[in-house]
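Here are the chains, one letter per residue:
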Amino acid sequence: MDKLLVHGGTPLQGAINISGSKNASLPILAAAILTGEDCLINRVPDVSDTNYMVQILSALGADVERYSGTVRISCAEISEEAPYDLVRRMRASICVMGPLLARKRRAVVSLPGGCIIGDRPVDLHLRGLEALGAKVEFEGGNMILTAPDGLRGAEIDLRGTHGPTVLGTDNVMMAATLADGLTVIESAAAEPEVIDLANFLNAMGAKITGAGTTRIEIEGVKELHGVRHTVIPDRIEAGTFMAAAALAGEGVTLRRVCQEHLKAITAALVKAGHQVQFNPTGDTCTIHRGADPKGCDLITSPYPGYPTDMQAQMTALLATTPGISVIKDTIFPQRFMHCAELKRMGADITVDNGTAVIRGVEKLSAAPVMASDLRASAALVLAALTAKGTTAINRLYHIDRGYEHIDEKLLMLGANLERVKA
Ligand code: EPZ
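Residues numbered from 1 in each chain as written. Predicted model: local features only at pLDDT ≥ 70, side-chain atom pairs only at ≥ 80, totals over all residues. Heavy atoms only, no water.

Caption draft 1: Inspection of the overall build of the chain at higher detail. From N to C terminus, the chain includes 14 helices and 23 strands. Relative to its length of 422 residues, the chain is compact, with a C-alpha radius of gyration of 21 Å against a globular reference of 22 Å. By residue count, 59% of the 422 residues in the chain fall in the buried class. Relative to all contacts within the chain whose residues are 6 or more apart in sequence, the contacts with residues 24 or more apart total 73%. Element-wise, carbon and sulfur atoms account for 50% of the exposed surface of the chain, whose accessible area totals about 15,900 Å². (Helix = DSSP H or I, 4+ residues; strand = E, 2+ residues; numbered from the N terminus. Rg over C-alpha atoms; globule rule 2.2 N^0.38 Å. Buried < 20%, exposed > 50% of the residue type's maximum accessible area, 1.4 Å probe, protein only. Contact = heavy atoms within 4.5 Å. Areas by Shrake-Rupley, 256 points an atom, 1.4 Å probe, with all protein chains shown as cover.)

Caption draft 2: Fine view of the sheet that holds strand β1 (residues 2-7). Strand order in this open sheet of 4 strands is β21-β22-β1-β23, and the pairing throughout is mixed. Both edges of this open sheet fall to β21 (369-370) and β23 (417-421), since each of them pairs with a single strand only. Relative to strand β22 (residues 390-394), β1 runs antiparallel, the two sharing 4 bridges. By the bridge assignment for β22, His7 is matched with Thr390. Against the sheet, helix α12 (residues 374-386) makes contact with β1, β21 and β22, and its axis sits at roughly 170 degrees relative to β22, the strand it touches most. (Pairing = 2+ DSSP bridges. Axes fitted to C-alpha atoms, helices over the stretch in contact; angles between N-to-C directions.)

Caption draft 3: Region of the structure containing the site of the ligand. The ligand sits among 25 residues. The nearest are Asp123, Leu124, Thr165, Asp309 and Ile331. One of the backbone nitrogen or oxygen atoms of Leu124 is found 2.7 Å away from an oxygen atom of the ligand. At 2.7 Å, a backbone N or O of Ile331 approaches an oxygen atom of the ligand. In the complex, the protein chains occlude 92% of the 820 Å² of accessible area that the ligand would expose alone. Secondary-structure elements contributing two or more residues to the shell around the ligand are α1 (22-31), α5 (123-131), α6 (166-176) and α12. Formed jointly, the shell around the ligand draws a minimum of three residues from each of two domains, domain 1 (2-18 + 234-421) and domain 2 (22-230). (Near = heavy atom within 4 Å. Polar contact = N/O pair within 3.5 Å; in protein donor to acceptor, adjacent residues only side chain to side chain. Domains from an automatic or database assignment.)

Caption draft 4: Structural detail: the pattern of salt bridges. In the structure shown here, the tally under the stated rule is 19 salt bridges. In this structure, the salt-bridge partner of Lys409 is Glu237, at a minimum N-O distance of 2.5 Å. Placement of Lys409 in helix α14 (residues 406-412) and of Glu237 in helix α8 (residues 235-248) is noted, with a sequence separation of 172 residues between them. Exposure class is identical for Lys409 and Glu237. Each is buried. (Salt bridge = Lys/Arg side-chain N within 4 Å of Asp/Glu carboxyl O.)

Caption draft 5: Representation of the nonpolar core. Counting residues in hydrophobic clusters, the biggest one holds 76 residues, and the most contacted among them are Met173 and Leu201. Ignoring sequence-local partners within four residues, the contact set of Met173 consists of Ile185, Val194, Leu197, Ala198, Leu201, Ile208, Ile216 and Ile218. (Core = buried A, V, L, I, M, F, W, Y, C linked by side-chain atoms within 4.5 Å.)

Caption draft 6: Summary view of α12. The element α12 is extensively covered by neighbouring structure, given that 13 of its 13 residues are classed as buried. Two or three places before Arg375, at the start of α12, stands the capping residue Asp373, its side-chain oxygen 3.1 Å from that residue's backbone nitrogen.

Caption draft 7: A look at the environment of Glu237. Note on Glu237: relative accessible area 2%, which makes it buried. Sequence separation between Glu237 and Thr266 is 29 residues, and the spatial gap between their C-alpha atoms is 13 Å.

Caption draft 8: Structural detail: the packing of α6 against helix α7 (residues 192-203). Here α6 crosses α7 at 15 degrees, and the two axes come no closer than 10 Å. With respect to their mutual orientation, α6 and α7 come out roughly parallel. In the crossing of α6 with α7, the sense of the turn from one axis to the other is right-handed. On α7, the residues that touch Val166, Thr169, Asp170, Met173 and Met174 of α6 are Val194, Leu197, Ala198 and Leu201. Residue composition of the contact of α6 with α7, by class: 7 nonpolar, 1 polar and 1 charged. (Parallel < 35°, antiparallel > 145°, perpendicular 65-115°, else oblique. Left-handed = near helix turned anticlockwise from the far one by under 90°. Nonpolar A, V, L, I, M, F, W, Y, C, P; charged D, E, K, R; others polar.)

Caption draft 9: The arrangement of the state of the cysteines in detail. Tallying each qualifying case throughout the model produces 0 disulfides. For the unlinked cysteine Cys339, the closest cysteine sulfur is that of Cys296, found at 15 Å. Since its relative accessible area comes to 1%, Cys339 is described here as buried. (Disulfide = S-S within 2.5 Å.)

Caption draft 10: Representation of the domain arrangement of the chain within the structure. Along its sequence, the chain is carved into domain 1 (2-18 + 234-421) and domain 2 (22-230). Measuring from the centre of the C-alpha atoms in domain 1 to the corresponding centre in domain 2 gives 30 Å. Contacts between domain 1 and domain 2 engage 26 residues on the former and 21 residues on the latter. When the two sides are added together, the surface that domain 1 and domain 2 hide from each other amounts to roughly 1,900 Å², 52% of it contributed by carbon and sulfur. It is Tyr303, Phe332 and Arg401 in domain 1 that bury the most area against domain 2; as a group they hold 29% of the surface buried on that side. On inspection of domain 1 and its partner domain 2, the count reaches 2 salt bridges. (Buried area = accessible area lost by both parts, 1.4 Å probe.)

Caption draft 11: The packing of α8 against α12, seen in detail. Look at α8 against α12: their axes get within 9 Å of each other, and the N-to-C directions meet at 20 degrees. Taken together, the axes of α8 and α12 lie roughly parallel to each other. Helix-helix and strand crossings are classified by hand; for α8 and α12 the assignment is right-handed. Taken together, the residues of α12 that come into contact with α8 (itself represented by Ile236, Thr240, Ala243, Ala244, Leu247 and Ala248) are Arg375, Ala378, Leu382, Ala383, Leu385 and Thr386. Across the contact of α8 with α12, the residue classes break down as 9 nonpolar, 2 polar and 1 charged.

Pasting the structure below:
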């Protein structure tokens, strides 16, 4: 297992390219199941989560070729049983369920394992697919969905106690593309990654309107055809580097971003006293650490609100920002594992009932810390950039799940770090 040694205190400057979105790539790769023709998907980031998805598709019988960010998938022959051991390891693999059910009228997918950010139920996914006519059974840790007479359109409300579900919306939308008749999804997730999936499906011949709003309509069609698509930029990777630049930067430029997707993150950084400038086309931004940073309060909420996937990174920034900050995560109230590690580095944070109260300290100090989930690991890297001494971040595989060559990109910005075999 690799670990990262980060020697704090070196400022960041320069420019890097942001990769394609992991969270757009995963459902789009799964959507290729809906046709027997070739799909060519560009800018798929080389991270372990997308590698898992490619392995799952190959195990299902797809012919997959991957070369420098482009994935070609052909699902001419496809089985309906997803490999238990692979699916269990990645929650997002649940998004093969809707396409398999639509294409094969049967899907066998393992119940996702829980994970460190909280319980990851699938009740909303099942509610939606049952409404389309699927019968759901459970056996040996698998969910078995069948629809021998095919799926039929329905009116479905996907709202859960913590708001809409991103992958649940994706699953139902994909299944509904081949259902008989009209499907309406109320309380749909409106994330940019849902819009990117809908654009991919429409390019395949689906008839979807309303993606990006809370009401999505899907008119079923008989079949879908192959397509060529380029994935949107990764707004969470961009946000992570924006936070790094606010923490340790002396002018950092990020290319291949999408200003529209970064409004809530930009607003949070400006509220904390930092500067963010976009170019006229909105695909490049430059961040300067503010001269007078100040604590601020944040509440995560579904898009276009402040993303839960950027909660840990902002906590790392606010840990050394003067003043008191309060961060509440309404989507994953348990997503505060990074706080215990940040406190090991000297942060002053108290966590209670889904809320973290952060009292900014002058400086953090290096300590051996443990990565726990994807975004918590990123938060620890950010904290280490300005901490006194050398911080060792163990279990780096968490960060490799969702960040494409994060150490190489930080080195390009002048960070002083190295990846070593643990
Ligand atoms: C997606 O996960 C993202 N993953 C997550 O990013 C992100 O944190 C999350 O959306 C919220 O924005 C991918 O897109 C691959 P949800 P997803 O269903 O779709 C509850 C990362 O760091 N819920 O939108 O699985 C759930 O417990 C990852 O890249 C139910 O109650 O999340 C949560 O509280 C981490 N029942 C809320 O809804 C269900 O059936 C939102 O979850 C499904 C979800």
